[in-house]
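Observations on the model geometry
Read off the chains here:
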Amino acid sequence: EAGVAQSPRYKIIEKRQSVAFWCNPISGHATLYWYQQILGQGPKLLIQFQNNGVVDDSQLPKDRFSAERLKGVDSTLKIQPAKLEDSAVYLCASSLVRGRNEQFFGPGTRLTVL
Amino acid sequence: GQQLNQSPQSMFIQEGEDVSMNCTSSSIFNTWLWYKQDPGEGPVLLIALYKAGELTSNGRLTAQFGITRKDSFLNISASIPSDVGIYFCAGQSGNTGKLIFGQGTTLQVKP
């Protein structure tokens, strides 16, 4: 079974530019999560989707971050405009059901904002 | 908000030694998960715990869900060099699926 796929693996941009990340969850997983992991810290949830609906986006900086999961499968996370403090690894995870919450992570996208 | 305190922050041990790390919180969780993260990779799920008092093993790894539901422990027996990495605990409360992660324990194993 294929795992969670993410692209790109690395991205370097200048501040005020925009960037987008893509995630393809494990087949059949209804729940998809985007996390931000700053160096030396644990992942922090940005947004959670159940199918194509948003369950929790309370920690998403909505003035610059947006995410969508239009067909309930793939998802994109966008940052516009980027700030220096957005430099981090962006992790996508998926789980089969919300109740038994074993989340499986992709390899992440390392973003560097200069 | 909810926070998890994970300790120790780092460990440097000799191959063959046993390792213990723990995670505590002021809040109650109904699920505890333990992950391992290698450099440049995403976290990999090691053990999932769903009931207070539960003790679960995965090879040389053993984890326990604390009776108070506010803590969890991970033990690694007879460590080997490939155990090197960062270990994260994560707790879930409620039924939304949101995980709160600890700060991680960095483990280094000397051959």
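Residues numbered from 1 in each chain as written. Chains lettered and ligands numbered in written order. Predicted model: local features only at pLDDT ≥ 70, side-chain atom pairs only at ≥ 80, totals over all residues. Heavy atoms only, no water.

**Digging into the pattern of salt bridges**
Two side chains bearing opposite charge may form a pair once their charged atoms approach each other closely. Residues and elements named next belong to chain A. Applying the stated criterion to the full structure yields 4 salt bridges over all chains. Lys62 is paired through a salt bridge with Asp57; the nearest N and O atoms lie 3.8 Å apart. On the accessibility criterion, Lys62 (49% relative accessible area) is partly exposed. Between Arg64 and Asp86 there is a salt bridge, with its nearest N and O atoms 2.5 Å apart. One end of the pair, Arg64, is in the loop between β6 (53-56) and β7 (65-68); the other, Asp86, is in the loop between β8 (75-79) and β9 (88-95), and 22 residues separate them in sequence. This pair shows no difference in class: Arg64 is buried, exactly as Asp86 is. (Salt bridge = Lys/Arg side-chain N within 4 Å of Asp/Glu carboxyl O. Buried < 20%, exposed > 50% of the residue type's maximum accessible area, 1.4 Å probe, protein only. Helix = DSSP H or I, 4+ residues; strand = E, 2+ residues; numbered from the N terminus.)

**Here we look at the sheet that holds β8(A)**
Residue and element names in this part refer to chain A. On the basis of which strands lie adjacent, the open sheet formed by 4 strands has the order β1-β3-β8-β7 and antiparallel pairing. Taken across any chain shown, the strands that pair with only one partner, and hence form the sheet edges, are β1 (5-7) and β7. Sheet twist, expressed as the average angle between the axes of neighbouring strands with direction ignored, equals 15°. Two strands pair when backbone bridges link them, and β1 and strand β3 (residues 19-24) are joined in this way by 3 bridges, in the antiparallel orientation. Its bridge partner lying in β3, Ala5 is registered against Asn24. (Pairing = 2+ DSSP bridges. Axes fitted to C-alpha atoms, helices over the stretch in contact; angles between N-to-C directions.)

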